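Chain by chain, the residues run as shown.
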Amino acid sequence: MLIDHCPLKKEKKVFRLKDITAYQIGTKLSLIVWEEVKKWNILAKKTMGDQWIRSIDSIAGNIAEGFGRYHKKDKNKFYYNARSSTYEAAHWTRLAYKRGLISENTNKKMINMLRILPKEINILIKLTRENLEE
C-alpha cells in the first residue's frame, strides 16, 4: 500500500510559466512598449510601432507556447523563436530611441532587460535538453 506522506516519496516541484524569469521579463517589456507606442503619432505607430509591439509580444508569447508543448524539440523551437525575437526587439528599441520616440531612460531600461533575456532563454533551452526525454 502506498502512503502519501511517506518520507521516502520524492516530491516533485511544480514548474509554472509565471515563475520563469524570461517570461516575466518578456511580459514586463510588452507592457512598457504598449504604453510607449500608444503616445506616438499615426505614422510612427503604423510604420514601426506595430513591428516593435509584435517583436516584443513574441518573446513572452513564444516562451508560453514552448512551455505548453510536450516534446523537447518542439519546446526548444519556440524558445529559439523567443530568443530571436529578443534581438529583433532590441533593434526596434534602439531605432525608437534614435528617432526620438522614447526617452533615454526608457531605452536604457529596456535594453538592459533585453540583454538579460537571451541568457535566461538559453537556461530554458538547457533545462529542457537535460530534463526531458526525446
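Residues numbered from 1 in each chain as written. Predicted model: local features only at pLDDT ≥ 70, side-chain atom pairs only at ≥ 80, totals over all residues. Heavy atoms only, no water.

K.L.:
Teacher, can you tell me more about the overall build of the protein chain here?
P.N.:
In terms of regular secondary structure, the protein chain is built from four helices and zero strands. From first element to last, N terminus to C terminus, the protein chain shows the α and β order α-α-α-α. Residue pairs in contact within the protein chain that sit at least 24 positions apart in sequence constitute 70% of those at least 6 positions apart. (Helix = DSSP H or I, 4+ residues; strand = E, 2+ residues; numbered from the N terminus. Contact = heavy atoms within 4.5 Å.)

K.L.:
What is the right way to look at the packing of helix H1 (residues 21-38) against helix H4 (residues 104-131) in this model?
P.N.:
Each packed pair of helices is defined by two parameters, the angle between the axes and the distance between the axes. Between H1 and H4, the shortest axis-to-axis distance is 9 Å and the interhelical angle comes to 150°. With respect to each other, H1 and H4 are oriented roughly antiparallel. H1 and H4 meet at a crossing whose hand is left-handed. Of H4, the residues touching H1 (which contributes Thr 21, Ala 22, Ile 25, Gly 26, Lys 28, Leu 29, Ile 32, Val 33 and Glu 36) are Thr 106, Lys 109, Met 110, Met 113, Leu 114, Ile 116, Leu 117, Glu 120, Ile 121 and Leu 124. (Axes fitted to C-alpha atoms, helices over the stretch in contact; angles between N-to-C directions. Parallel < 35°, antiparallel > 145°, perpendicular 65-115°, else oblique. Left-handed = near helix turned anticlockwise from the far one by under 90°.)

K.L.:
Honestly, the side chain of Asn 76 in this entry has me stumped. Any pointers?
P.N.:
In this fold, Asn 76 is placed in helix H3 (residues 72-98). For Asn 76, the residues in contact, after removing those within four places along its chain, are Leu 124, Ile 125, Thr 128 and Arg 129.

Everything listed here is a matter of geometry and, on its own, says nothing about what the molecule does.
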